[in-house]
Amino acid sequence: MTILAALNRHYDRLADQGLAPLFGYTTEKIGFCLLLADDGTLVRAVDLGAAEGRKRVERPTPVPKPPKRTSGVSPAFVWDNSKYVLGLTRDKDGQTILPFPAHQAAFRDRHERALADSNDSGLVALLIFLRNWSLDDFAGSGLPPDILNANIVFALDSDYRDQHRFLHDRPAARALWAREMAAEAGSPRMCLVTGEMAPPARLHPAIKGVWGAQSSGASLVSFNLDAFTSYGKDQGANAPVSEAAAAGYGAALNALLEKGSRNRVQVGDTSVAFWADASGVGADAARRAEEAAAGLLLFEDEEDDDVGPTDEEESVEVRDRLEDISHGRPRARLAADVDPNTRFYLLGLAPNAARLSVRFWHDTTFGPFVEALSAHWHDLRIDPPAWKGPPKLQALLYPTAVQGKADNIPPLLGGELMRAVLNPNQDYPRTLLSAVLQRIRAGDQNNMPRVFAARAAICKAWLARHHRLAHPDRRQEDFLVSLDRAEKDPAYRLGRLFAVLEGIQFKALGTVNAGIRDRYFGAASATPAAVFPLLLRGSNHHLSVLRKKPATRGLAGWFESQIGEIVNELAPDLPRHLGLESQGRFVVGYYHQRSDRAKPATEEATELAADQEP
């Protein structure tokens, strides 16, 4: 199914449940409602906002769809911001009030034309108010200062007291708005989304909520250059989508992407919306699938930029669910709640000036979606674990960024990573491995043990999947999960050797300003033949320091045995250069050896020291 068709079907489900505005309406953040008497007198202003902490949050309210403003003055119907309704707004300094008489006059004239023949008491009251309102009236009106820059709706005082009904909800206002939309519609053409004959949308709706895009919204579909047009057709006539279908997909996508939505996840520069198709399974089954997907993708607080989960119990639950699937029990935890055949969609969007780029579109069913996540988590397994449980996808991108900041994540990487996660038969992006190795070589301030563990896990995941796809006939259960002393790969063994040499230096000298990892890790992992002879010569001095102390004499012997065990399987001529994949193996070998050496070092060193006692 196409993107627009799937979104339009999702809109039908939302509209049936009262969760999306009707055709011709859109949900906007409304700050205030002006209550009018029947004679058009302003009674008072009602603050529709609510306090959330220190912030004031305006109420999302369905209103007639506003015009798409690119330039010029273009008022909305029966509502708008203070610049149009009152002719006033507040400057950026928050103090100066700026007049906009032309905007207020345009708002008044628009309603003079639209409401001239109406005898509805509410619409008549609005028209009288607009005729009598002057910009100078604001000072003595008693209106709160916060109303400036806010969106404003109207209501009859009696209507609001009895029903909390706004003016645009009155039947007469709805009928007028429907006639206006019909008058503006063009000649019917076949809609490419629904297949029905209907007037096409000239301009498609603005999509809000995509990270990095314009706050006023960006277009998913647009034709604004001659190169995008064909046969002299203008704007949306190049690919006719009916007004109803365009409004439907826009409302559905805005609902999926709105702040606080449980149907979105951020992966790098890509905002990912996901939803289930209710056709064939029902709205309740679709909702359960979406809740289960949110549990798999959003088990961390999306505002938390840390690399690990904050809720350990929830992480364990998700991990157990994925382990059931990875061990051949895909129905164990899902059968009771979610039909694995439920159609499931994921759409990745990224900003592109005033438009949106589609990073990926994934049309699947819920069972394969969960199995893909399980394969992804299985590829990330490493001992000791880098995270308390399966990490969120964004957590895999912070280790690639300078200073671990989201703004520094390499562009395009989020979409590439998400495509690989959703398709377990596709390699992880090579740019992911390259970016991680670059950050390790840079040795930035975030290369602390916990972050290094995450970077090692990413290297291991890339290698594990690449190895699995290159050798589909072999068992891949424990590939590089934990220290493998039998692994003969030179890069892996050199990583282990580097960890042993670092341990020798630490035991001999303690904490130093710049250890061998700070000074030589990048060079050792890329050009080992040029670096390791120097490191091995330096280790002889450190070992002599350990031998001189009775307490560490056995430890020196254990370190020498470790060096011997690793070097015995290396060729006499060390590699002059390691490629990207081999550098990843070097990192994994280093992490395994560094994490594994503490316990055996203590036990064996104690035994060796005892053997050497006089």
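Residues numbered from 1 in each chain as written. Predicted model: local features only at pLDDT ≥ 70, side-chain atom pairs only at ≥ 80, totals over all residues. Heavy atoms only, no water.

**Regarding the packing of aromatic side chains**
To keep things clear, this is the line we draw: Here a pair means two rings of Phe, Tyr or Trp (six-membered ring of Trp) with centres within 6.5 Å. Their orientation is stacked below 30 degrees between planes, edge-to-face above 60, and tilted elsewhere. Two thresholds decide whether a charge sits over a ring: the Lys NZ or Arg CZ must be within 6 Å of the ring centre and within 35 degrees of the ring normal.
Applying the stated rule across the entire model yields 21 aromatic pairs. Clustering of aromatic rings is evident, with ring pairs tying together Phe452, Phe498, Phe521, Phe532, Phe586 and Tyr590. Sitting over the face of the ring of Tyr25, Arg174 holds its NZ or CZ atom 5.0 Å from the ring centroid. Between Arg465 and the ring centre of Tyr428, over which it is positioned, the NZ or CZ distance is 4.1 Å.

**Description of empty space enclosed by the protein**
For clarity, the cut-off: Method remark: on a 1 Å grid restricted to protein atoms, a set of points is classed as a cavity if a 1.4 Å probe fits but cannot get out and as a pocket if it is open with protein on both sides within 12 Å along at least five of seven lines; lining residues have an atom within 4 Å of a point. Grid points are joined across faces, edges and corners, and a volume is the space filled by probe spheres set on the points. In this classification, Asp, Glu, Lys and Arg are treated as charged, Ala, Val, Leu, Ile, Met, Phe, Trp, Tyr, Cys and Pro as nonpolar, and every other residue, Gly included, as polar.
For the structure shown, the criterion picks out two cavities of 30 Å³ or more. Forming the walls of the second largest cavity are His376, Leu380, Leu396, Leu417, Tyr428, Leu432, Ile458, Ala461 and Trp462. When its residues are assigned to classes, the lining of the second largest cavity shows eight nonpolar, one polar and no charged.

**Focus: the confidence of the model for the protein chain**
Note the cut-off: The predictor attaches a confidence to each residue, called pLDDT, with possible values from 0 through 100. Contact between two residues is taken to exist if any of their heavy atoms lie within 4.5 Å; hydrogens are not considered.
Confidence along the protein chain averages 86 in pLDDT terms, with 89% of residues attaining 70 or more. With pLDDT under 50 throughout, residues 300-316 is counted as low confidence; its partners more than four residues away or in other chains account for 32 contacts.

**A few points about the side chain of Asn263**
In plain terms, the rule: Helix and strand labels come from DSSP, where a helix needs a run of H or I of at least four residues and a strand needs a run of E of at least two; each type is numbered from the N terminus. Buried, partly exposed and exposed residues are distinguished by accessible area as a fraction of the type maximum, computed with a 1.4 Å probe on protein chains only: under 20%, between the cut-offs, and over 50%, respectively. Polar contact criterion, stated in full: a pair of N or O atoms within 3.5 Å, where within protein one must be able to donate a hydrogen and the other to accept it, and residues adjacent in sequence count only if both atoms are side-chain atoms.
With respect to the helices and strands, the residue Asn263 is situated in the loop between helix 7 (243-257) and strand 15 (264-267). Judged by its relative accessible area of 14%, Asn263 falls in the buried class. Among the polar contacts made by the side chain of Asn263, one reaches the main-chain carbonyl oxygen of Phe274 at a distance of 2.9 Å. Not counting residues within four places of it along the chain, the set of residues in contact with Asn263 comprises Leu256, Val272, Ala273, Phe274, Trp275 and Glu290.

**Concerning the sheet that holds strand 2 (residues 32-36)**
Here is the rule we go by: When DSSP finds two or more bridges between a pair of strands, those strands are recorded as paired. With axes taken as lines fitted to C-alpha atoms, and helix axes fitted only over the stretch in contact, angles between N-to-C directions fall between 0 and 180 degrees.
Spatially, 3-2-10-7 is the arrangement adopted by the four strands of the open sheet, whose pairing is mixed. Unpaired on one side and paired on the other, strand 3 (42-47) and strand 7 (80-81) mark the two borders of the sheet. In the sheet, strand 2 pairs with strand 10 (residues 151-156) via five bridges, with the strands oriented parallel. Of the residues in strand 10, the one forming a bridge with Leu36 is Leu156. Each of strand 2, strand 3 and strand 10 touches helix 4 (residues 121-132); the most contacted strand, strand 10, lies at about 125 degrees to it.

**Focus on the environment of Tyr428**
For Tyr428, the position within the fold is in the loop between helix 11 (413-422) and helix 12 (430-442). The spatial distance from the C-alpha of Tyr428 to the C-alpha of Met418 is 9.0 Å, given a sequence separation of ten residues. When residues no more than four places from it in sequence are discounted, the contact partners of Tyr428 are His376, Asp379, Leu417, Ala420, Val421, Ala461, Trp462 and Arg465. A polar side-chain atom of Tyr428 sits 3.4 Å from a polar atom in the side chain of Arg465.

**So, the nonpolar core**
Where we set the bar: As used in this record, nonpolar core signifies buried Ala, Val, Leu, Ile, Met, Phe, Trp, Tyr and Cys residues forming a set joined through side-chain atoms within 4.5 Å.
With 91 residues, the main nonpolar core has Leu346, Phe366, Phe369, Phe498 and Phe532 as its most contacted residues. Of all the elements, helix 13 (residues 449-470) adds the most residues to this core, at eleven residues. Residues contacting Leu346, with those up to four places away along its chain left out, are Val272, Ala273, Phe274, Phe360, Trp361, His362, Thr364, Phe369, Met418 and Leu422. Formed by 30 residues, the second largest nonpolar core is a distinct cluster that contains Leu36, Ala114, Leu143 and Leu176.

**Let's talk about the pairing of strand 17 (residues 343-352)**
As a general feature of sheets, a regular strand has side chains that alternate between the two faces. In terms of burial, strand 17 is largely enclosed, as seven of its ten residues are buried. Where strand 16 (residues 270-276) and strand 17 come together, six bridges link them in antiparallel fashion. Within strand 17, the position partnered with Ala276 by the bridge is Phe344. Pairing between strand 17 and strand 18 (residues 355-365): ten bridges, direction antiparallel. Looking across to strand 18, one finds that Leu347 is bridged to Trp361. Here strand 17 folds back onto strand 18, and the loop between the two strands holds two residues, one of which, Ala353, carries a positive phi near 60 degrees.

**What to know about the packing of helix 14 (residues 490-509) against helix 18 (residues 580-596)**
Rules: In these notes the angle categories are as follows: under 35 degrees is roughly parallel, over 145 is roughly antiparallel, 65 to 115 is roughly perpendicular, and the rest is oblique. Handedness of each helix crossing follows the sense of rotation of the near helix against the far helix: counterclockwise by less than a right angle gives left-handed, clockwise gives right-handed.
In the contact formed by helix 14 and helix 18, the axes pass within 6 Å of each other and the chain directions differ by 40 degrees. As far as their axial angle goes, helix 18 and helix 14 are oblique. When you trace helix 14 past helix 18, the crossing you get is right-handed. Within the contact between the two elements, helix 14 uses Ala491, Tyr492, Leu494, Gly495, Arg496, Phe498, Ala499, Val500 and Glu502 and helix 18 uses Ser582, Arg585, Phe586, Val588, Gly589, Tyr590, His592, Gln593 and Arg594. Tallied by class, the residues present in the contact of helix 14 with helix 18 amount to nine nonpolar, five polar and four charged.

**Examining the side chain of Asn8**
The residue Asn8 is located in helix 1 (residues 3-16) in this model. For Asn8, the contacting residues outside a window of four places in its chain are Val193, Thr194, Ala244, Ala245, Gly248 and Tyr249.

**A closer look at unusual backbone geometry**
Going from Asp383 to Pro384, the amide bond is cis rather than trans, its omega being -5 degrees. Tracing the chain through its elements places Pro384 in the loop between helix 10 (366-380) and helix 11. The residue Gln403 is not glycine, and still its phi comes out positive at about 60 degrees. Relative to the helices and strands, Gln403 is located in the loop between helix 10 and helix 11.

**What to know about the pattern of salt bridges**
The line we're drawing: We define a salt bridge as a contact between a side-chain nitrogen of Lys or Arg and a carboxyl oxygen of Asp or Glu at a distance within 4 Å.
Scanning the model with the defined rule gives 26 salt bridges in all. The salt bridge partner of Glu28 is Lys208, with a shortest N-O separation of 3.4 Å. In this pair, Glu28 sits in strand 1 (residues 25-30) while Lys208 sits in the loop between strand 13 (206-207) and strand 14 (218-219), placing the two residues 180 residues apart along the sequence. Assessed through its relative accessible area of 13%, Glu28 is described here as buried. Across the salt bridge formed by Glu560 and Arg547, the nearest N and O atoms sit 2.0 Å from each other. On the criterion of sequence distance, the pair formed by Glu560 in helix 17 (residues 553-567) and Arg547 in helix 16 (residues 528-547) is long-range, its members being 13 residues apart.

**Focus on the pairing of strand 10**
Taking burial as the measure, the six residues of strand 10 include six buried ones, the bulk of the element. Pairing between strand 7 and strand 10: two bridges, direction antiparallel. Residue Asp80 lies in a different strand from strand 10, and its bridge partner there is Ile152.

**Points about the packing of helix 14 against helix 16**
As a packed pair, helix 14 and helix 16 sit with axes 9 Å apart at the nearest point and diverge in direction by 35 degrees. Classified by chirality, the crossing of helix 16 by helix 14 is left-handed. In this structure, helix 14 uses Leu494, Leu497, Phe498, Leu501, Ile504, Gln505, Lys507, Ala508 and Leu509 to contact helix 16, whose residues at the interface are Pro528, Phe532, Leu535, Leu536, Ser539, His542, Leu543, Val545 and Leu546. Tallied by class, residues from the contact of helix 14 with helix 16 come to 14 nonpolar, three polar and one charged.

**Quick word on helix 16**
Think of an α-helix as turning once every 3.6 residues; residues three or four places apart then point the same way. Convention followed: Expected helix span is given by 1.5 Å per residue-to-residue step, counting one fewer step than there are residues. Note: the arc covers the axis-to-C-beta directions of the helix.
With 20 residues, helix 16 should reach 28 Å at 1.5 Å per residue; the first-to-last C-alpha distance of 27 Å fits that figure. Those residues of helix 16 not exposed but buried are Pro528, Val531, Phe532, Leu535, Ser539, His542, Leu543, Val545 and Leu546. Seen end-on, helix 16 carries its buried residues on one side only, within an arc spanning 135 degrees. Facing away from the buried side of helix 16 by over 90 degrees, the exposed positions are Ala530, Arg537 and Asn540. Contacts made by the buried residues of helix 16 are with helix 14, helix 15 (516-526), helix 17 and helix 18.

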